[in-house]
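# Architecture and fold: a report
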Amino acid sequence: MNDKAQKHILIVLRQPPYGSSLAREALDAVLATAVFEQKLTVLFTGDGVWQLPTAGDSGLIDRKSCAKAIAAFPLYDLKAVYIDSDALQQRNLATAELAVDGKLVNRADMQALLDQADTVLSF
Amino acid sequence: MKFSLLILGAPYSSQSVQSALRFAQAALAGGHEVLRVFFYHDAVNIANALITPPQDEPDLPREWAALAEQHDLDLVVCIASALKRGVLDEGEAKRYQRPAANLARGFEISGLGQLTEAALLSDRLVTFGP
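We now turn to the structure provided with this report. (Residues numbered from 1 in each chain as written. Chains lettered and ligands numbered in written order. Predicted model: local features only at pLDDT ≥ 70, side-chain atom pairs only at ≥ 80, totals over all residues. Heavy atoms only, no water.)

## What to know about the interface of chain B and chain A
Reports often express the size of an interface as the amount of accessible area lost when the parts come together. Contacts between chain B and chain A engage 18 residues on the former and 19 residues on the latter. Across the interface of chain B and chain A, roughly 1500 Å² is buried in total on both sides, 68% from carbon and sulfur atoms. Between chain B and chain A we count one salt bridge in total. Note that B:Arg85 is salt-bridged to A:Glu25, the shortest N-O span being 3.2 Å. Here chain B is connected to chain A by ten residue pairs in polar contact (both at pLDDT 80 or more). Among the elements of the structure, helix H3 (79-85), helix H5 (113-121) and strand S5 (124-128) of chain B are those that each provide at least two residues to the side of chain B that touches chain A. The biggest single contributor to the side of chain B that touches chain A is H5(B), with seven residues. (Contact = heavy atoms within 4.5 Å. Buried area = accessible area lost by both parts, 1.4 Å probe. Salt bridge = Lys/Arg side-chain N within 4 Å of Asp/Glu carboxyl O. Polar contact = N/O pair within 3.5 Å; in protein donor to acceptor, adjacent residues only side chain to side chain. Helix = DSSP H or I, 4+ residues; strand = E, 2+ residues; numbered from the N terminus.)

What follows is the structure, given as structure tokens:
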């Protein structure tokens, strides 16, 4: 593997948490990527913002919590976390307590994130 | 250019796997390299050797295997997703004492690190969604 240049990887998360397992699998991919010590950025947009609220208990449906996995991002030194503010607003989540201290971004910010990344994984 | 592919959709239920196959064929025909193809989420089902499509429909597992053999491609199926969906190689079938193994020819079971490594080694990573 070429260690010279660090790559900037952006992972975009667009799935709601429990209706499909894809949201959980995407978070597994985020954590697996985080250990590679590259520049990793995560963006929650669309229905992906439903993964963020700390309210609720996924154990009631025998599922591992997406919010708890997201709350563990700092343990992986993953700090570049962005959240689509329009997506929160549209879903009435603008004042909800969220699992991670992410930076709110608008459409122009998100376009910039996509432009800056070397590689984008989209879930 | 070095491409890697991330495929998420279930074969036949979703268009994901076939679109990715067509893309891989086009990229290779265009002289590009396909460094790795990573099957995740429901796409791991492509590696089920028991898939038996109707005769008048494409045989996707075998088409992927043929392309892989022709171009020495690295077809990787995520182990966690595969186990959950009942796609096992001999080793996993033995480990979990399952009645059979069903991993199709041409595919290899491995971990998520292979996806990240593919992203780092490729010029472009293209995702074929669910």
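## With respect to the sheet that holds strand S3 (residues 81-84) of chain A
All names here are of chain A. One open sheet holds the five strands; their spatial order is S4-S3-S2-S1-S5, and the pairing between them is parallel. The sheet is open, and its two borders are formed by strand S4 (103-105) and strand S5 (119-122), each paired with just one other strand. In this sheet, adjacent strand axes meet at a mean angle of 25° when their direction is disregarded. Across four bridges, strand S1 (residues 8-13) lies against S5 in parallel orientation. Within S5, the position partnered with Val12 by the bridge is Ser122. In the packing of helix H1 (residues 22-34) onto the sheet, contacts are made with S1 and strand S2 (39-44), and the angle to S1 comes to roughly 165°. (Pairing = 2+ DSSP bridges. Axes fitted to C-alpha atoms, helices over the stretch in contact; angles between N-to-C directions.)

## A closer look at the packing of helix H1 (residues 16-29) of chain B against helix H2 (residues 60-71) of chain B
All names here are of chain B. Interhelical geometry of H1 versus H2 gives an angle of 20° and a closest axis separation of 11 Å. By the angle between their directions, the pair H1 and H2 is classed as roughly parallel. Crossing hand, H1 versus H2: left-handed. Seen from H1, the contacting residues are Val17, Gln18, Ala20, Leu21, Ala24, Gln25 and Leu28; seen from H2, they are Leu60, Glu63, Trp64, Leu67 and His71. Broken down by class, the residue content of the contact of H1 with H2 amounts to eight nonpolar, three polar and one charged. (Parallel < 35°, antiparallel > 145°, perpendicular 65-115°, else oblique. Left-handed = near helix turned anticlockwise from the far one by under 90°. Nonpolar A, V, L, I, M, F, W, Y, C, P; charged D, E, K, R; others polar.)

## Thoughts on the side chain of B:Ser14
Residues and elements named next belong to chain B. Here Ser14 lies in the loop between strand S1 (2-7) and H1. Exposure remark for Ser14: the relative accessible area of 14% places this residue in the buried category. If sequence neighbours within four positions are ignored, Ser14 has contacts with Gly9, Gly129 and Pro130. (Buried < 20%, exposed > 50% of the residue type's maximum accessible area, 1.4 Å probe, protein only.)

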